[in-house]
Amino acid sequence: MEKDTRGGEGPNRQGREPDGKNGFFNFLVIGIVITFALNIVVGGFSANQRVEIGYGQFLSLVEADAVKHVRIENDQIALTLKEDASAGRVREILGADNSAGGMQVPENGKAGSRVFYTGRLDDPALVERLNSKNVAFYRPIIRSNPIMEFISSWIFPLLIFYVVYFFIMRKFSAQMGGGMGGILNAGKSKAKYYDMEKNTHVSFDDVAGQDEAKESLKEMVDYLHRPEKYQEIGAKQPKGALLVGPPGTGKTLLAKAVAGEAKVAFLSLSGSEFVEMFVGVGASRVRDLFAQAAKHAPCIIFIDEIDAIGKSRDNQMGGNDEREQTLNQLLAEMDGFDSSKGILILAATNRPEILDKALLRPGRFDRRIIVEKPDLPGREAILLVHAKKVRLEKTVNLREIALATSGAAGADLANMINEAALRAVRLGRNEVTQEDLMEAVETVIAGKEKKDRILSKKEKRMVAFHEVGHALASALQKHSQPVHKITIVPRTMGALGYTMNLPEEEHYLLTKSDLLAQITCLLAGRAAEEIEFGEMSTGAANDIERATRLARNMVTQYGMSERFGLMSLESLQNQYLDGRNVFTASEASGGDVDREVAGILENCHTEALHLLRENRDKLSDIAACLIERETISGAEFMEFLEEQKSA
Ligand code: ADP
Ligand code: MG
Ligand code: ZN
C-alpha cells in the first residue's frame, strides 16, 4: 500500500540512494573489462617482437664478441648485437642450444631482430665478463609511468574508500529500517505519503460502531474541506486530536478514514520511529516532518503510538535525553504551525495516563477522542462490515456472534470472521456458516480443539461432572446467563472442557446478586467434583482465579463488603492495556481484604454445593449424557432440565 508512494517528492528522497547493488556491480564489471583490455594491448605489443634466448646462449654471444651493449633490468637482460657480428657465428650459437631450438633466429641484420632477451640470473661474475669483452652495459633508472602513478596514488585509494563507505552505508541503512542514506540522512523524517485517491480507500463507513469518535472527527474533516465557514465566525480549527483506546479498537483505521474522507494527504508514522540511536535525530525528524507537512498542506499528520515519545518528562530515573529533545521539538512545532493552513495532527495511544501534560494542553492535542471497545450493537456492526468481505450463508445470525463476543475489540472480530472463512474452506464449503463463526469464537476464547488428547475414563467423567456443575448452577440461578453449549472436547489453551454461557442481551451494570451468581457458577465446577467423587482436581484453577478476582473487585472497588463499606481500596491503572489494579489502602487493610474475599468465596461455594446436592440426579444424568456425546447444546440441556422437572 505504501510502497508506490514512498519517496514521492521529498527532496531528500531523490537520487540519493546509490542504485543499490546494481550501480556498484556495473562499476566493477566495467573496471575489470578495461583492465583486461589494457593488459592485452600492452602485453601483445611487447610480446610481438621479442626474441628470448637462454642465459648460456647469452654468455656464449658475449664470449664471441657479438654483443654491442646490454641493458640489465630487474628481471631480464636485453642485449643488442653488434652490426658487424657474423651472422653465421650467431646462428651457430643460437641454433646449437637445444633450449632455443624452437626460436626464431634472425636471418640477417635487420635492426628489429638484433635485440634479444634473456632472464636475469643471479650472476655475480656478469659485470666482470662484460667488462672483459668491452661490452657496454647499463641499468635503466626505473621511472614509472605518470599515469600509473596518478592512478595508484589517487584513484586507487579513492576507490577503496568508496567501497568501504558503500558497505558501511548499507549496513547503517539496514539498521535504520531501510531508510536510505544511513548516517547522512539520519535526521530526515520517515513520513510516508499516502495518496488519498489511490491508497487509503478507507472511509467512515469502514469503521463501524465508533459513532461518538466519528462524530468528533467529522467536524475536523469538515473544517479541512471548508475552512471559510469556520473562519467567518472566528472559530479556529483544533490543532490536533488524540485517539485513546485499547489495542485493536480501530484507532489507526479511524485516522486513515479521516484522511480518506477529507481527501487530503496523509503523513503517518509511528512514535517509535522518531527515537533513534543518535541524540538529536528525533528532534530533526520532527522538524522535517512539519516542514514536509507545510509543503503538502492541507494534510493530516498521524503519529501512531505516540507514547513512545510523549512519555512524561518528570520521571526520576535520569530520563532519556533523546526522547525529551524530541518531545520538546514536537511541542514547539505544534505551537508554531498555523492551523489555518489546514494541517491536522492526529495521534493514537493506549496509555494516555503516561503522556506528558504539556502535550495535552489546549492548543496542542486539544481533543481527546475515546475509542472504546465496542458494545453489542457496535460489535454487530463491525461483524457486518467484515462479513461483507466473505460469502455468508443466509441463515447466519451475526447478533448471536456479537452476543458471544463481549469484550472483543474490532480487530478480534475481524480476525474471527476470517478464521471462520478459513474453516469453511478447510471443510470444502463455499459459504461461511453460523457453525464456522461460532467455532471461530470458541477458538479465540478457549483455543483450538485438540482431538488427539485422549482422556482416561476417570478423567473424562470428572471433566463432565465439573462442566455440568457449571451449567446447572447457572441454569438454576435467577441472576445468571443461559447456557449455550457444554463440551468436554479438550482445547489447546489448557481447557479440558468448558461451558459457554451466552447473555440474552448486554448488561452495562451488574448488581451484587449478578456478581454473586457468577461466582457461584464458577465455583460450581469444583463443587460438582466434590459431590460426585469426594475429591478435588486441578481442573478448577482457572475458575478459582476468576472467581477470586470478581470477589476482590466487589470488596476493593465496588464497595460491596460489610467490613469496608464504601471505601475504595484499589485503583485501576493502564485501563486501556492490561488494566492492572493497584492496591491503595494501608497494609493493615490488606489482610482484612483477603479475609473478606475468602468469606465471599466460601459463601458462594456453599451455595453451589447446596444447589447441586438438591439436583444430584440431574447432575449425574446430564453428565452421563455428556460423557456419551461429548457436546451438548444449550437447547438440549434445557430439554433435559424440563424433562427432569416434569418427571
Ligand atoms: P488500533 O486501535 O490498535 O490502531 P487498528 O485500527 O489497527 O487498531 O485496527 C485493526 C483492524 O481491526 C482494522 O484494520 C480493522 O480491520 C479492524 N477494526 C478495528 N476496529 C474496527 C471498527 N470499529 N470497524 C471495523 N473494523 C475495525
Ligand atoms: Mg494502531
Ligand atoms: Zn470449570
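None of the values given here were measured: they were computed from a predicted structure.

We now examine the overall build of the protein chain. Each helix and strand in the protein chain was counted, giving 22 helices and 15 strands. A buried classification covers 43% of the 647 residues belonging to the protein chain. Of the contacts formed within the protein chain by residues at least 6 apart in sequence, a portion of 74% connects residues at least 24 apart. Summed over its atoms, the accessible surface of the protein chain is roughly 35,200 Å², and 54% of this surface lies on carbon and sulfur atoms.

Before going further, it helps to examine the confidence of the model for the protein chain. Of all residues in the protein chain, 83% attain a pLDDT of 70 or more, and the chain-wide mean is 80. Every residue in residues 177–198 scores below 50 in pLDDT, and together they form 68 contacts with partners more than four places removed in sequence or on other chains.

Bringing the packing of aromatic side chains into the picture now. Scanning all chains against the criterion turns up seven aromatic pairs. Here the aromatic rings of Tyr162 and Phe166 are separated by 6.2 Å at their centres, their planes lie at 35°, and the arrangement is tilted. Of this pair, Tyr162 and Phe166 both sit in helix α5 (residues 146–175), four residues apart, which is roughly one turn of that helix. By relative accessible area, which is 34% here, Tyr162 ends up partly exposed.

Looking now at the pattern of salt bridges. Should their charged atoms come close, side chains of opposite charge can pair. Under the criterion given, the structure shown has 26 salt bridges. Salt-bridge contacts for Arg549 lead to Glu545; the nearest nitrogen and oxygen are separated by 3.5 Å. You can see Arg549 and its partner Glu545 sitting in helix α19 (residues 541–556), four residues apart, about one turn around the helix. When its relative accessible area of 48% is taken as the criterion, Glu545 is described as partly exposed.

What follows deals with the coordination of the zinc ion (ligand 3). Protein-derived coordination of the zinc ion (ligand 3) comes from His466 (NE2), His470 (NE2) and Asp543 (OD), at a distance range of 2.0 to 2.1 Å. Site description for the zinc ion (ligand 3): donor spacing in sequence, H-x3-H-x72-D. Here His470 is found in helix α17 (residues 457–476), whereas its partner Asp543 is found in helix α19, with 73 residues between them in sequence. His470 gets classed as buried once you look at its relative accessible area, which sits at 11%. What makes Asp543 buried here is its relative accessible area of 9%.

For helix α18 (residues 512–533), which comprises 22 residues, the first-to-last C-alpha distance of 32 Å matches the rise-based estimate of 32 Å (1.5 Å per residue) to within 8%. Looking one or two residues beyond α18, the residue adopting positive phi is Gly534, at roughly 60°.

In space, the four strands of this open sheet follow the order β3-β2-β1-β4, with mixed pairing throughout. Each edge of the sheet is formed by a strand with only one pairing partner; in this case those strands are β3 (115–119) and β4 (136–138). Averaged over all pairs of adjacent strands, the angle between strand axes in this sheet comes to 20°, irrespective of strand direction. Bridge analysis of strand β1 (residues 67–72) against β4 gives three bridges, and the strand direction is parallel. Its bridge partner lying in β4, His69 is registered against Ala136. Sheet strands touched by helix α2 (residues 55–63): β1, β2 (76–81) and β3. Its angle to β2, the strand with the most contacts, is close to 35°.

Moving on, we come to unusual backbone geometry. Here Asp65, not a glycine, exhibits a phi torsion of approximately 60°, which is positive. Assignment of secondary structure puts Asp65 in the loop between α2 and β1. Of note, Lys263 is a non-glycine position whose phi angle comes to about 55°, a positive value. Residue position: Lys263 is located in the loop between α8 (251–262) and β7 (265–270).

What follows concerns the site of ligand 1. Inspection of the region around ligand 1 gives 15 residues, with Ala208, Gly248, Lys251, Thr252 and His386 positioned closest. At 3.3 Å from a nitrogen atom of ligand 1 is found a main-chain nitrogen or oxygen belonging to Thr249. Here an oxygen atom of ligand 1 and a side-chain polar atom of Thr252 are 2.6 Å apart. Surface burial for ligand 1 is 80%, taken as the share of its 560 Å² of free accessible area covered by protein chains. Elements with a minimum of two residues in the shell around ligand 1: α8, α13 (376–387) and α15 (410–426). In terms of residues, the shell around ligand 1 owes the most to one element, α8, which gives three residues.

In the contact formed by helix α9 (residues 281–296) and helix α11 (residues 321–336), the axes pass within 7 Å of each other and the chain directions differ by 20°. Relative to α11, α9 is oriented roughly parallel. Once α9 is placed against α11, the crossing between them reads as right-handed. Contacts between α9 and α11 involve Val281, Gly282, Ala283, Val286, Arg287 and Phe290 from the former and Glu322, Gln325, Thr326, Gln329, Leu330, Glu333 and Met334 from the latter.

Let's shift gears to the pairing of strand β13 (residues 570–573). In this sheet, strand β14 (residues 580–583) lies alongside β13 in antiparallel orientation, the contact comprising four bridges. The residue of β14 that forms the bridge with Ser571 is Val582. Taking the residues that link successive antiparallel strands as the turn, the β13-β14 hairpin has six residues, and the phi of Asn574 there is positive, at about 60°.

Cut-offs applied
- Residues numbered from 1 in each chain as written.
- Chains lettered and ligands numbered in written order.
- Predicted model: local features only at pLDDT ≥ 70, side-chain atom pairs only at ≥ 80, totals over all residues.
- Heavy atoms only, no water.
- Helix = DSSP H or I, 4+ residues; strand = E, 2+ residues; numbered from the N terminus.
- Buried < 20%, exposed > 50% of the residue type's maximum accessible area, 1.4 Å probe, protein only.
- Contact = heavy atoms within 4.5 Å.
- Areas by Shrake-Rupley, 256 points an atom, 1.4 Å probe, with all protein chains shown as cover.
- pLDDT = per-residue confidence, 0-100.
- Phe/Tyr/Trp six-rings, centres within 6.5 Å; stacked < 30°, edge-to-face > 60°.
- Salt bridge = Lys/Arg side-chain N within 4 Å of Asp/Glu carboxyl O.
- Donors = N, O, S within 2.8 Å, 3.2 Å for Na, K, Ca; no water.
- Expected span 1.5 Å × (residues − 1).
- Pairing = 2+ DSSP bridges.
- Axes fitted to C-alpha atoms, helices over the stretch in contact; angles between N-to-C directions.
- Near = heavy atom within 4 Å.
- Polar contact = N/O pair within 3.5 Å; in protein donor to acceptor, adjacent residues only side chain to side chain.
- Parallel < 35°, antiparallel > 145°, perpendicular 65-115°, else oblique.
- Left-handed = near helix turned anticlockwise from the far one by under 90°.

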